[in-house]
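Below, each chain spelled out in residue letters.
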Number of protein chains: 2
Amino acid sequence: MKGRRADDIADQLEALILDGTFAEGAHLDEVQLAARFEVSRTPVREALQRLAQSGLVEQLPRRGAFVRQPGPVELIEMFEAMAELEAVCARLAATRISDAALADLHDANARCRTAMETGDTDRYYRENERFHAIIYRQAGNGWLQQECQRLHRRLQPFRRMQLRLRGRLRQSMAEHEAVVAALDAGDGAAAADALRAHVAVQGEKFHRLIASLKSAAE
Amino acid sequence: MKGRRADDIADQLEALILDGTFAEGAHLDEVQLAARFEVSRTPVREALQRLAQSGLVEQLPRRGAFVRQPGPVELIEMFEAMAELEAVCARLAATRISDAALADLHDANARCRTAMETGDTDRYYRENERFHAIIYRQAGNGWLQQECQRLHRRLQPFRRMQLRLRGRLRQSMAEHEAVVAALDAGDGAAAADALRAHVAVQGEKFHRLIASLKSAAE
DNA sequence: AATTCACGGATTGTATACAAAAATGTCGAC
DNA sequence: GTCGACATTTTTGTATACAATCCGTGAATT
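Here is what the cut-offs are and how they apply
- Residues numbered from 1 in each chain as written.
- Chains lettered and ligands numbered in written order.
- Predicted model: local features only at pLDDT ≥ 70, side-chain atom pairs only at ≥ 80, totals over all residues.
- Heavy atoms only, no water.
- Helix = DSSP H or I, 4+ residues; strand = E, 2+ residues; numbered from the N terminus.
- Contact = heavy atoms within 4.5 Å.
- Axes fitted to C-alpha atoms, helices over the stretch in contact; angles between N-to-C directions.
- Parallel < 35°, antiparallel > 145°, perpendicular 65-115°, else oblique.
- Left-handed = near helix turned anticlockwise from the far one by under 90°.
- Nonpolar A, V, L, I, M, F, W, Y, C, P; charged D, E, K, R; others polar.
- Buried < 20%, exposed > 50% of the residue type's maximum accessible area, 1.4 Å probe, protein only.
- Least-squares fit on C-alpha atoms with pLDDT ≥ 70 in both.
- Domains from an automatic or database assignment.
- Salt bridge = Lys/Arg side-chain N within 4 Å of Asp/Glu carboxyl O.
- Polar contact = N/O pair within 3.5 Å; in protein donor to acceptor, adjacent residues only side chain to side chain.
- Pairing = 2+ DSSP bridges.

### Quick notes on the side chain of Glu14(B)
Along the chain, Glu14(B) turns up in helix H1 (residues 5-19). Once residues within four sequence positions are removed from consideration, Glu14(B) is found in contact with Leu51(B), Leu56(B) and Arg153(B).

### Quick word on the packing of helix H6 (residues 121-138) of chain B against helix H7 (residues 142-161) of chain B
All names here are of chain B. Interhelical geometry of H6 versus H7 gives an angle of 160 degrees and a closest axis separation of 10 Å. On the basis of the axis angle, H6 is roughly antiparallel to H7. Both H6 and H7 take part in a crossing whose hand is right-handed. On H7, the residues touching Asp122, Tyr125, Glu129, His132, Tyr136 and Arg137 of H6 are Gln145, Cys148, Gln149, His152, Gln156 and Arg160. In terms of residue class, the contact of H6 with H7 is built from 3 nonpolar, 5 polar and 4 charged.

### Digging into the environment of Arg111(A)
Residues and elements named next belong to chain A. Residue position: Arg111 is located in helix H5 (residues 99-117). In this structure Arg111 comes out as partly exposed when scored by relative accessible area, which is 35%. The sequence separation of Arg111 and Arg137 amounts to 26 residues, and the corresponding C-alpha distance is 19 Å. Each residue touching Arg111, except ones within four places of it in the same chain, is listed here: Arg123, Glu127 and Arg130.

### Considering the environment of Ala178(A)
Along the chain, the position of Ala178(A) falls in helix H8 (residues 168-185). Spatially, the C-alpha atom of Ala178(A) lies 17 Å from that of Gly167(A), the residues being 11 residues apart in sequence.

### Looking at the relation of the copies chain A and chain B
Look at the two chain copies: a rotation about an axis and a shift along it is all it takes to match them. Superposing chain A onto chain B takes a rotation of 180 degrees plus a shift of 0.0 Å along the axis, which leaves an RMSD of 0.0 Å. Classification of the inter-copy transformation places it as that of a two-fold axis. Here 100% of the contact residues of chain A are again contact residues in chain B; the copies associate through an equivalent surface.

### Here's the deal with the domain arrangement of chain A
Along its sequence, chain A is organised into domain 1 (5-67) and domain 2 (72-217). Between domain 1 of chain A and domain 2 of chain A, the C-alpha centre-to-centre distance is 30 Å.

### Considering the interface of chain A and chain B
On the chain B side, the residues contacting the 28 residues of chain A number 28 residues. For the salt bridge of Arg45(A) with Glu46(B), the shortest nitrogen-to-oxygen distance reads 3.3 Å. At the junction of chain A with chain B, the criterion picks out 16 residue pairs in polar contact (both at pLDDT 80 or more). Of all elements in the fold, only helix H3 (41-54), helix H4 (72-96) and helix H7 (142-161) of chain A reach the threshold of two or more residues within the side of chain A that touches chain B. Sort the elements by how many residues they give to the side of chain A that touches chain B and H4(A) lands first, with 10 residues. Looking at the side of chain A that touches chain B, its residues break down into 8 nonpolar, 7 polar and 13 charged.

### Things to note about the sheet that holds strand S2 (residues 57-60) of chain B
Two pairing modes exist for strands in a sheet, parallel and antiparallel, and in both the strands are linked by backbone hydrogen bonds. Residue and element names in this part refer to chain B. If you trace the 3 strands from one edge of the open sheet to the other, you get S1-S3-S2, paired in antiparallel fashion. On the outer flanks of this sheet lie strand S1 (27-28) and S2, each paired with one strand and no other. Pairing of S2 with strand S3 (residues 64-67), which is carried by 4 bridges, proceeds in the antiparallel orientation. Paired with Glu58 across the two strands is Phe66, which belongs to S3. The strands touched by helix H3 (residues 41-54) are S1, S2 and S3; relative to S2, the strand with the most contacts, the crossing angle is about 110 degrees.

This is the structure in structure tokens:
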């Protein structure tokens, strides 16, 4: 037995929610979950509280925890906020990035390119993660970095979805290169604009995807 | 007995920490706190976890919870991030703010002015809160608004401290008016710059305050 | 004398038991 | 047949009991 089962349960629950096992609005019963994970209610409760603070579930006093997937409006807001946060990172990074990190960025981008050329979306996704993580870090502000990673992680499933749209990979690649060029030149404003656009277009794509799904359902 | 004692305890604990009752690095013993609040360990534990996620305490597995006040470096980072977040809000608000909200902003600023003229720092502080809250809200992005309020709240004690510095009120007032003027004109870039500077200078002041305290202690 | 290992105390993590409140189902009145 | 009050049941919130781990102390060994 290791120290904290509650953390493991929180992770597993998060996976199950993102996985779709627990649908939007589902009531997460403490005793059922306790039985499922073969623990008592205590660690389950702690896990639920953690998920509540990270936004995946909503806890109503004396009523329980419910799965709370963000709606279209909230998602648009989160994508917009992500775009703005990344823009800030880019602007700060433009003057603070180290040569080594800049080399890493070029490397990540090169890997993205090969992934794109082979049409390997999964690999593109991973290298893209690295690309953005480097920029977060090179902003030179730990708090900002943390927040960016948190939001990035939260948007992960929705971001992934629209990477498979036709031509998105190539477009994304071109945007990356604009960002790198701006950082190379040390042009903060340009880097901010390029990265903001790069992320904002993801929100746009997602928006359209939602709209098309909706109209198809009618 | 009402529904959730854990939340009350979390609030009280937060107050006690910010109050200085529990100093930096202090070990928060669960049984002691349980005795102090006349409850069992269970709600105390839940409160501690909440505070851990909000960053006021650090929880080490199997070792307990310790008061974790942000150090100088972290504070500088938080002030910088606050400046950037508020700048984003200002830029977005410049094109989205409603006429009613703009009127509110003018009103809040007017109240700030009278508070400044009477030298009432407490009142200035309250009206200043309102000023910033309006801008957060008028950014038209709920997620961003929430984050800004969260960080603002976290910086509250440190911000308050340096409002009493000589001449700061008048300077702050002038900065406010630059922000309002830019928003009046619908100039997003100018509003962003003005608000960023307004918040960044607070970080600067704080930095100097820390430095002076340090050198005085030697 | 320094180091290592063992053991006891203290403290966290988990399980279970109990209390209180809300959801649900039943019965009756209109 | 529907609405509403009351009892039952289910579920959350809290208290307590138990288990596992960490820390310090101290003695034994090199």
